Structures are given as structure tokens and as C-alpha cells.
Amino acid sequence: MLNNIQLLIDFPVFNLQLLLDGLMIGAIFALAAYGLALVWGVMNVKNLAQGEFVIMGGYIAYYLSIDAVVRIGIPGTDITFFEVMKPGVNPLWALPVVIPIMFGFGWLMYFLIIRYVIDRDLFTSLLATFGAAIVIQQVLNLIFGPDVQTAESGLGTRILFGSVTIQEIRVLSLIIAGILAALVVLFMKNSRMGQAIRATAQDPRAARVMGIDTDRVYAFTFSLNAAICGAAGVLISMIWVIQPFYGIAHSIRSFVIVVAAGLGNLPGVIVTAFGLGALEQYGGFALGAEFQQAVVVGLLIVVLVVRQIMQARHRQVVR
Amino acid sequence: MAISIGRYTRRGALTIMGVATAALLAAPAAQAKVEGDTIILGSAISLTGKYSTNGIHAQNGYELAVKRINDMGGVKVGGKSYKLKVVYYDDESTPARGAQLAERLIKQDGVQYMLGPYSSGMTKAIAPVTEKYQIPMVEAEGASRSLFTQGYRYLFAVLSTSEQYLASSIALAAEIAEKNGKKPSDVKIAMAFENDPFSQDVRAGVMDDAKKYNMQIIIDDKLPRDLSDMSTTLTKVRAVKPDLLVVSGHSKGAATAARQLAEMKINVPMVAVTHCEAAKIVAKFGATTNDILCPTQWAETLSYSDEYFGTAAEYDALFKATFDGYKNVPYQAAQASAAVIVWKDAFERANSFDRDKVRDALAATDMMTFYGGIRFAPEGNNIAKPMVLRQIQNGTYNVVAPSKYASHPVNWPRKAPGS
Amino acid sequence: MTLAMTKSQRTLGLYGLIAIAAVIAPFLFSAYISQLTVLWVMVLFAITWDAMGGQMGYNSLGNIFFFGAGMYISAVVQIGLHYDVAEYTAAYGAIKVDFTPTQYYTGLVLGTIVAAVGSVLFAFLLSWVVFGLRGPYFAIGTLGIALAAGELVGAWEYVGAGSGISLPVFPGEPEAGERFFYFAFFVAAVLTFFFFRWLYQTRFGLAINAIRDDEEKAEAMGIHTMRYKTITWALSAFFLGICGSLFGNYNIFIEPLEVAFATVVFGIPMVVMSLLGGKGTLWGPVIGAILYHVIKEATWKYFLGWQWVALGLLIIISVVFFQQGIMGWAQEKWPELFGIEVEEAPAEGEEEAA
């Protein structure tokens, strides 16, 4: 561990590599985390299927990027009405496809499950979405199999200062994530629905009195979250690898970021996400790759403890 | 008062419990080890969950050999011909179920002869159970060295053990160093191994070999099980410039390594990665994977042959014709087929279904198969078949070591992809 | 009075029936002994979770931590008594080990005791971290602890890291070994049941129910909530530690992420079992555990590949649409069967106010 840190001191240029890699991946974490902050803040739903939405988006991008035979027929039988060969396209084109698909999926999930947990106690939404997460993982596993997959953007790599590599896809992802985030913020500020969402977040009962259909607002918020996560998944599939069971790590990251940054704090979410991305890279470098995950979960506990210490100043407990 | 509520609660509870228990027990009765003219083999294998791709490869391998042997007249014991059949249980890719399922196969299904599960971890979970019941098991997918240090009498493995996976890569690195006027002890090794029983055993093998040549290990990372990024390890690799990078982490390790080596333009003269074929890295990442070394248990280009499948190439063709969707036949399937052949051979030599006679016949196995020679050491591992090292050269896998099997010279040094 | 006598006799009779059924089951259905053994593990899981989640209202997602901790503590003790642990767990496992029966039993007993004590100590230590957290933060925090523990043990060479540990094998006949573990888990589950049954009838039980119903008010009434919470958490840990130690020996091979700290395989199902049966009731978790185990085994057997989809759906359905659980539903439907008069309803087993 010490010699790894020594390495960073001796060759400061590698700090730049870790930092850049971390920040660029952090931008994608920020997307999923912002989605979580949205549903948590507006609907008080703690969505543990966040990571699964990400992975779903990734698989759609992967599926679009490969040549595949699309068979329209009766499932489970050999009866086929027609078959078409779907040529692979660049997974970047998956973005405009994934966003509406995931939006629709979010809408469906809202009306099947989430609608019933909004007014329930806090634990219900955690466990219900965990159940949903398991179903999504398993269905993805049944469709795509358990092997890791990647989607290839076909973009190259640039070299800075002789030994820092920057994948163009990471830069592009950073830009896309930025644009998506800006769009969402503009939407929340200016559109009728965005205003309704903010009003509902502040006081659902008052919003209802003012004639806002809060059920629709909730459905829209949840669907928006699914769409944002799906977009993050497209980017992830082009940078990292995806596998049906990888969602949990992304969910945990979202929770770490939101718990650390607080709800309704968009700049906080972004800064924390960048920080987490960089911290993971440094943790993996200094401690060894086996601690990369442990760093994330460890950070979750640290953040919770810090929160608790801060709250303890306000609370008095009989001991 | 609270007590009285408790009691009535209990009555309601009992009714429900009774129904549930009845449902649990309404299942079929036990089968015998040899039913009529069928010999029952049993296997707990990963049909669902994380390892199911390879688990299903192995199952297909078992099934192909069973079908082939049955088509060729079955197993002849005591002048009578018997068919083979395999009972499978899905272990959901978790060792928490492995031992239970082995017990279930033995107790519930009366299985007396076992085929192995997929992965070293599962084999480690099951071997103690089969040993306890003295049920012979021929396994084809658990390579951990530690399986063969415990003095198991009933465990036989057709595949080469874990320390051999990268041994020839290390030997090759030493050879090349000497050719270039350097000492083997100058060779610097970077290691990245998944944190699972198999890869950690491979790592132990590399450590031993490195010690033998006095090589230095300059990076020793464990990759997490849900590996999706190894850029930190590769950044370290770029910083310390090793002569040899070895990576082992099932298919996900191979896929992640192949992709990020290319993307980060990592320049290491020698890179060896396990499970290249399973991860289909050539199809996915094309020319950037050139010159990666891939150890394999078996290759269809090798010159082994037997009476059941003919040559390795003929096995390859038959397998592809039987099962849809295979462009390459993974060695996981080939070794599974070999395990079934070993069983057949042992039954016929024992000429009996007596467990101990069959066990002794297994121990005395000395045969050639399409998969390679099979002869078991007293510990149960196969010592008659070497691993081969292949290199990806212009998109094809060519055998480069050991020299007895090599069809092509090794390309060295490896150029950074795309440079 | 005479009626009460017969009632208590009937109760005794029912317990006797269960006991007899449980004792003869492994002989009668000896082929199914492994399923029956795991059934008791599930029952123990559900009861210990319910003490926290059902009776005290602290919904932990990380109780599996104590199971794993117990498993590893016991393994280290058992091996450490006779061998060098680091050498034993080295990836090669190059040393051959043989435990004599005496070594095995002393190791198992000692290991289980240390595991129980160790788990309790961990519970006390962790209580400083987790009990300041409320509601979802508590659930997320405990989940984090379980996940972190798996990752950290998985990186710890001394206990074999990701390679896991092979534990000594039961020295006697295999059939005897199976029965040994069946009865070990049976006794552990029964002790757990009766312990918590007794506990819920004491002042302690009322106190933790009060914490569940309104922690602020409970504090205001002078209940030392922190003390009660810590002790309940430690009691769960005690039994889970024992269970972990036994399960490690039963499973023979242990490993951090898939066996010991197996959040998806065991950790979350404990919660689901309790909810399914009816949390906050004495029998709910037991019924939930049995039902869950049966559904799991049946879907695995008949709908292979879909078993986890089915379990995921089961989680959703039981949590979203059936949160009162079987016992809660039965109590609502036939209150007279449960001896509940409407005014007395909140005394036991009712849903907490959300």
C-alpha cells in the first residue's frame, strides 16, 4: 500500500490519470444518484432497483449494438410469424431508444408496485424495490445469460503528457451526462410538469388542493428516474462491463451519494458523485482492486455515522 | 391474557404448518444407483446464476458423451449392456447449496457415482461430502490444487490443476529473458487475480513459479467478484512497467482486461489471461487482442483421439452439430465429456457395480481420449495431460507452448494495441 | 379454571406433537433430511429477525452479518486450536488436516461458544454505529455493514480471503452426521423460539414493543431505549452466531460472499420470511420460514431458472400487498380463533402504525 502511494508521489502524472478516470465515471454516477434524489425527495421512495435500471439501459444498448435475429412468434414454441436480422448499430444511438423505453418501464413499474408503497412506512419501499431488483436481475439473466457484456462505441483513445490516456468515450459520456443533467434541471425549473413535481415535493396535500394530479406527478417522477438511470446505463456499458447481477453496486453508489449530499441538493449530488468516482480510483490504486467496492460501502457507513454524530447534537437520548 | 392469545395463535399456526409440511414432503421416492439397464450418475451443477454459462457448457459435455456412449452400445458390465443417465441438480451457483445437493443426490436419489460440479469453489464444497459417503466422483471443472492435498480417495479430476494454468507463461517469460541476454530473475511480474478459490489457486501457482526463477512480483491485486473496472490496476501496470502481466478472473476478468488493455494502450511485452475463449474476446475486441497468451485445458487442434469421438477436431465438429449456438467449443465441455468416458471405462474394467471395485478401477485409469491422456496421481489429479498455451495471432488461437504441441512461434514483444 | 387447565394442557399437547413430529421426521423422511435441516435454519433466521424488525420496529437488512461473523469466528477457533490458521487457509491448502473426534467436538463446542460471544460483542460495538440511525437510514446502514463485512473478510488473507475455508468433516458415520446437524439446528431453533417467547411475555417485551410503537414516548416514559435496543440486537446476534457456527460446520466449505455474508441468499430472505408469516407475532416468522422454504424448494424443483424470479415476486407481493402477513391476515379474518377481542387487539401481533 505504501509503495503504491509512493508511486503516486514519484510520478504525479498518475494522479492525473486516476483523477480524470474518477471524475469522468463520477459524472455517470451523478446521473443515477440524481434520479434517486428525485424519487426520494419527491415521493419518499427509496429505490433499491436503481442499479438494475442502469444495467437494463446497458443491456438495451448492448442488444442494439450486436447483430441479432429478431423473431416475432409465440414464445416458447417454434411458431414464427417472421424473422428479421437486426444489424448492430453504434450503442450511442441507444440513448434515444433507451430513454423512452425506460421511461415506459418506469411508468409500468409505478402503476404495478410503487403506487402502493408511497404512503407506506419507510421500510416498505426499500424491500419492495429490492424484490423488483431481484426480478429484473433474474429476467435479464434469463434473456442475456450471466456473462459479462460490453457495447463498443468504436471511439479511440488520446494520450496526454505521454502517459495519461483518455478514452474519447469517457469524455463524450461526461458531456452527455452534463447535457442530460442540464435538460432535467431546465425541465424542472420551467415546464408545467417540473413545477408540479417541485410543488408536490414541497407539500403533496397542498399540491392536490391546487389541482395537481399527484398520482400523475409521482408516475412521471419515477419514470423520469428510470429514464435517467437507463441513459447512465448506456454510458456505463460503453465504458465498463455489464452483467445481470452488477446492479447492486450501482444502487449502493447512488445511496452513498444521496445520503452524503442530502436530498434536493443537486450541486451536492454532482460534487459527491465526482468525489466518489475519484475516491474509488484512489482506493483501488492505493489499497488494491479488492478494496474498490469496500471503499464504497465503507464510505456509506462513514457517511451515516457522520450524519448521526451531527444529529446527535440535536437529539437527547435517555441512556 | 397475552398467553391465551398466544395459544390460539398456535392453533392457527399449526394448521398452516401442517399444510406446508405436507407440501414439502409430497415429492418422489428415491431411485437406485442402477435401475434396470440404466446406470445413474449424479451431478450438482450451476444451471442458473452467475456460473450458469459454463455450467451449461459442462452439462452439454456430459450429455453429448452420454448420448455417444449409449449410441455405441452402452456400458458393458458382466456381459450385459447398460445405458448411462445423469441426474442433475442446479446449485444456483452458490456453494451454500453445494453440500446439501450432494447429500440429496446421494440420499434421495440413491446416486452412487458422481460427476463434478462447475467451478473450484463448488467442488471444494462437494468433495468432502462425496468423500464422507465414499461415493466416487469424477470431476472435470474444479482445478484448485487444494482439492488434491487433502488425501481424498474418491475424487478424480480429468483436468490439469490450477498451478499449471500459467506455469508455461512463466517458463516462456524466463526463456525469452535468457534469449535476450537477461536473467530470468530480472523478469518483473504484475498479477491481477479474481478473489475466488480458482483464481487464488492460480495465483499461488504463479507465486511458486516466480520463486523458482527468482522473479519479482511487483503488482499483486485481487479483483473483486463483480469486476467491472480494472483501470486502477492497469494504471499501476503503466507506472511500474512489468515484463509479464497475468490476469485470471473467469470470463469477466478476461473481457475487462482485454477491453481496458486496448483502451488504455497498456504496453506490456507479455500478457497472459485465462478464460479468453469463454469470454469471446477475439469476437468482441478484434485485433486489439492480438498477442495475448491464453492457457487452455484443451484445443480442437491438438492431435489426441479416441474410439468414442475420434480426434479432437471431430469432437469439435460433433459438438457444434449437436448443440446450437457454438462458434468455438469451450474446453469446459470437452473435459466434461472426458469425465463420462472415464466412468464408462472404469465400469467396464471393474466389471462390477461394487463401489469400491469401481473406485479402484478409476484409480487405475490409464487411457487416451480426444481430450488427452488420463492417468490419475494417488491424490486424484490427472498427470497425463499438459495444459497448452495459445496465443491470439491475427484473430486465431495458435498453440505456442509447450514446444511438443506448438504449431506457431510466439510473438514477442506484444505491441500496445493500436500503436 | 378447569377450562384454563384443559387449554394449557392442549397447548402442551400441541408443543408435544410438534416435538414428536420434529424428532421422528428425520427418521421417517430420512431422504429429505437436508431440506428439513435447512428448514430449521430458516426458522431461526426468521425468529431472530422478527425480534428486531417485528417486535422492536427496527428493520435491519444486515442481520446476516452475525451469521457470517459467527461462522468465521468459529472456523478460526476450531482450526486455530490445532493448526496454524494462516497456513491452513493458504490458497494451496497444502497441509493435510485430520481432526480426531475429540478435537472435532471440542472444536465445535468451543467454536460455537466463542462465535456466540463474539457475535454479541460485535452487536455491542455496532450498536454505537447503527442505533442513532432511524427508519430507512437504519436499514441502509445495516445493509452496508453486511456488505462491507463480506468485502473485508474477502480481502483478508489470514482467513483465506475469497478462497474460503474448508472446515473439518464430521468424524462419525455420514448418517449420524446428518442427524447430528439436524438436531443441532432443531434444538437451536427451538431454544431461540422459547427464549423469545418468554422474552416477549416479560417487561422487556413490553418495552421493545413500546419502542416500536413510539420511541419518543417510550423514552419520555423513562425507558432506556438505547439499552433495550442494544440488548435485543445482541440477543439476535447471539442466536445467529450459534447458527452461523453450526451452518459453517454443516456446509463444510465456507466462503465470505456466497455463504457467510450472503445478503441475497439469506440476508434479505430472513426479512421476507418474517413479513410473509406476519411480523411482530410469535408464530408468524415460523410459518413464514416454512412457507418460504417450501416455495423456494418447489419453484427450484419445478420451475428451474425461474425460482429467483418467483422469489422476487414473492417479496414484492408480500411486502406491497400482504404486509400484515399470514398471521395478521388470519387474525383479522378470524379474530375469535386467536382469542382476540376487539379492544384487546393491540396487545400482540398487530401492525404497527406506519
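Our subject is the structure that appears above.
Residues numbered from 1 in each chain as written. Chains lettered and ligands numbered in written order. Predicted model: local features only at pLDDT ≥ 70, side-chain atom pairs only at ≥ 80, totals over all residues. Heavy atoms only, no water.

Undergrad: When you look at the interface of chain A and chain C in this model, what are you seeing that I'm missing?
TA: Where interface size is quoted, it is often the accessible area lost as the parts come together. Of the residues lining the interface, 42 residues belong to chain A; the matching set on chain C comes to 46 residues. Counting across the chain A and chain C interface gives two residue pairs in polar contact (both at pLDDT 80 or more). Per-element accounting of the side of chain A that touches chain C gives the leading share, 14 residues, to helix 5 (residues 122–144) of chain A. (Contact = heavy atoms within 4.5 Å. Polar contact = N/O pair within 3.5 Å; in protein donor to acceptor, adjacent residues only side chain to side chain. Helix = DSSP H or I, 4+ residues; strand = E, 2+ residues; numbered from the N terminus.)

Undergrad: Would you mind showing me how to read the pairing of strand 17 (residues 388–393) of chain B here?
TA: If a strand is regular, its side chains alternate between the two faces of the sheet. Residue and element names in this part refer to chain B. With respect to burial, strand 17 is a largely interior element, six of its six residues being buried. Here strand 17 shows two buried faces, one formed by Val-388, Arg-390 and Ile-392 and the other by Leu-389, Gln-391 and Gln-393. Across five bridges, the pairing between strand 17 and strand 18 (residues 396–401) is antiparallel. Within strand 18, the residue paired with Arg-390 across the bridge is Val-399. The turn joining strand 17 and strand 18, which pair antiparallel and follow one another in sequence, is formed by two residues; a positive phi near 50° is taken by Asn-394. (Buried < 20%, exposed > 50% of the residue type's maximum accessible area, 1.4 Å probe, protein only. Pairing = 2+ DSSP bridges.)

Undergrad: What is the right way to look at the state of the cysteines in this model?
TA: Defined simply, a disulfide is a covalent bond joining two cysteines at their sulfur atoms. Residue and element names in this part refer to chain B. Here the structure, examined in full by the defined rule, presents one disulfide over all chains. Two residues, Cys-276 and Cys-294, share a disulfide whose sulfurs are 2.1 Å apart. Looking along the S-S bond of the Cys-276-Cys-294 disulfide, the torsion reads about -90°, which is the left-handed sense. Taken together, the residues Cys-276 in helix 9 (residues 276–279) and Cys-294 in strand 12 (residues 292–296) connect sequence positions 18 residues apart. Classification of Cys-294 by relative accessible area gives buried; the value is 0%. (Disulfide = S-S within 2.5 Å.)

Undergrad: Explain the pattern of salt bridges here, please?
TA: In total, this model carries 30 salt bridges over all chains according to the counting rule given. In this structure, Glu152(A) and Arg259(B) form a salt bridge, with 3.3 Å as the shortest nitrogen-oxygen distance. With Glu152(A) in the loop between helix 5 and strand 3 (157–160) and Arg259(B) in helix 8 (residues 250–263), the pair connects residues from two separate chains. On the basis of relative accessibility, which here comes to 2%, the residue Arg259(B) falls in the buried class. Here Glu92(B) makes a salt bridge to Lys296(C), at a shortest N to O gap of 3.3 Å. Note that Glu92(B) is positioned in the loop between strand 4 (80–90) and helix 3 (95–107) and Lys296(C) in helix 13 (residues 284–302), a pairing that runs across two chains. Glu92(B) gets classed as buried once you look at its relative accessible area, which sits at 7%. Salt bridges sharing common partners tie together Glu92(B), Arg97(B), Arg104(B), Lys296(C) and Glu297(C). (Salt bridge = Lys/Arg side-chain N within 4 Å of Asp/Glu carboxyl O.)

Undergrad: Before we go on, may I ask you to explain the sheet that holds strand 8 (residues 188–194) of chain B in this structure?
TA: Hydrogen bonds along the backbone pair up the strands of a sheet, which may run parallel or antiparallel. Residues and elements named next belong to chain B. Here we have seven strands laid out as an open sheet, ordered 9-8-10-11-12-17-18, and mixed in their pairing. A strand with exactly one partner marks an edge of an open sheet, and here the two such strands are strand 9 (216–223) and strand 18. Within the sheet, the average angular offset between the axes of one strand and its neighbour, ignoring direction, is 25°. Looking at chain direction, strand 10 (residues 244–248) and strand 11 (residues 270–273) are connected through four bridges and run parallel. (Axes fitted to C-alpha atoms, helices over the stretch in contact; angles between N-to-C directions.)

Undergrad: Honestly, a nonpolar patch on the surface in this entry has me stumped. Any pointers?
TA: The grouping of Leu81(C), Val109(C), Leu110(C), Ile113(C), Val114(C), Val117(C) and Leu121(C) at the surface amounts to a nonpolar patch, some 580 Å² of accessible area in total. Within the secondary structure layout, Val114(C) lies in helix 5 (residues 101–130). (Patch = residues over 30% accessible without salt bridge, like charges linked within 9 Å, V, L, I, M, F, W, Y side chains within 5 Å. Areas by Shrake-Rupley, 256 points an atom, 1.4 Å probe, with all protein chains shown as cover.)

Undergrad: Can you walk me through the layout of surface pockets in this structure?
TA: In this model, the largest pocket occupies a volume close to 1,800 Å³. Lining the largest pocket are 46 residues, with Tyr62(A), Phe144(A), Gln149(A), Lys280(B) and Gly325(B) sitting closest to its centre. Of all elements in the fold, only helix 3 (50–65), strand 1 (68–73) and helix 5 of chain A together with helix 2 (52–71), helix 9 and helix 10 (281–285) of chain B reach the threshold of two or more residues within the lining of the largest pocket. Here the lining of the largest pocket is built from residues that sort into 23 nonpolar, 15 polar and eight charged. Of the domains in this structure, domain 1 (34–160 + 301–375) and domain 2 (164–296 + 388–401) of chain B are the two that each give at least three residues to the lining of the largest pocket. (1 Å grid on protein atoms, 1.4 Å probe; cavity = no way out; pocket = protein on both sides within 12 Å on 5 of 7 lines; lining within 4 Å. Points joined across faces, edges and corners; volume = space filled by probe spheres on them. Nonpolar A, V, L, I, M, F, W, Y, C, P; charged D, E, K, R; others polar. Domains from an automatic or database assignment.)

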